[in-house]
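Each chain, letter by letter, is given below.
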Amino acid sequence: MEGVCDSKDTGEPKVWNARVFEAIKSRETAEWKEEIKSKTKLRTYATIKKELVLEPYLEASTNTAGRKLMSVIRTGTNPLRIETGRHWDPKLPVESRTCWCCGVAVEDEKHFVVQCAEYAKERVQLFESIGSCRVTEGRLQLQSLAKAQPSLTFKLLLGEGIQYKHQEVYRCVQTFLV
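The shown structure was predicted, so the numbers you read here are calculated from the model rather than taken from an experiment.

Draft legend 1. Spatial organisation of the nonpolar core. Counting 22 residues, the largest nonpolar core has I73, V113, L157, L158, V173 and L177 as its most contacted members. Of all the secondary structure elements, the ones that give two or more residues to this core are helix 3 (64–75), helix 5 (109–115), helix 6 (120–131), helix 7 (150–159) and helix 8 (166–177). When residues in this core are grouped by element, the largest group, six residues, is from helix 8. Filtering out sequence-adjacent residues up to four positions away, V173 remains in contact with M70, L126, L157 and L158.

Structural data, given as structure tokens:
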């Protein structure tokens, strides 16, 4: 709020309200960014949430279950071993929180959505449904994301989305998660 109240000339009420709103928004955003950096539980959230705004996936469809699952995957409040292992007594080391389905890697959000072999068939269906939307991101055909780096695929599916077709992609992802 510093700087907003320094001037004795506050101007019109609309201008004053806009200045106050922007000052509060700026402060809240800075505090939010610091908080998500400091909490390991929010590791996934911090990589895909860049702005303090309503996310488009929340308005993508009427699939309530899919929206809820997408939210719990994005925020780390899910039953995956990366999360449940932190509540064991004694706390299970991260490297020991391996996937119950495949046993190959730590069961985190990225592994669950884009890597676990147990869900390969469902993932093929996901990419086929996305492909039917004729979605591209630059020169990258979304169908080829199945072969892309898992981090990139995860971010495009659950985070940044696809620039022009993000609503369609989010609907497909929500159906996949259900």
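Having seen it, we continue.
Draft legend 2. Layout of the side chain of T44. Secondary-structure assignment places T44 in helix 2 (residues 43–48). Note on T44: relative accessible area 9%, which makes it buried. A polar atom in the side chain of T44 sits 2.8 Å from the side chain of E109.

Draft legend 3. Molecular detail of the pattern of salt bridges. Going through the model one piece at a time under the given rule, you end up with eight salt bridges. A salt bridge links R43 to E109; its shortest N-O distance comes to 3.0 Å. With R43 in helix 2 and E109 in helix 5, this pair connects stretches of sequence that are 66 residues apart. For E109, a relative accessible area of 0% translates into the label buried.

Cut-offs applied
- Residues numbered from 1 in each chain as written.
- Predicted model: local features only at pLDDT ≥ 70, side-chain atom pairs only at ≥ 80, totals over all residues.
- Heavy atoms only, no water.
- Core = buried A, V, L, I, M, F, W, Y, C linked by side-chain atoms within 4.5 Å.
- Buried < 20%, exposed > 50% of the residue type's maximum accessible area, 1.4 Å probe, protein only.
- Helix = DSSP H or I, 4+ residues; strand = E, 2+ residues; numbered from the N terminus.
- Contact = heavy atoms within 4.5 Å.
- Polar contact = N/O pair within 3.5 Å; in protein donor to acceptor, adjacent residues only side chain to side chain.
- Salt bridge = Lys/Arg side-chain N within 4 Å of Asp/Glu carboxyl O.

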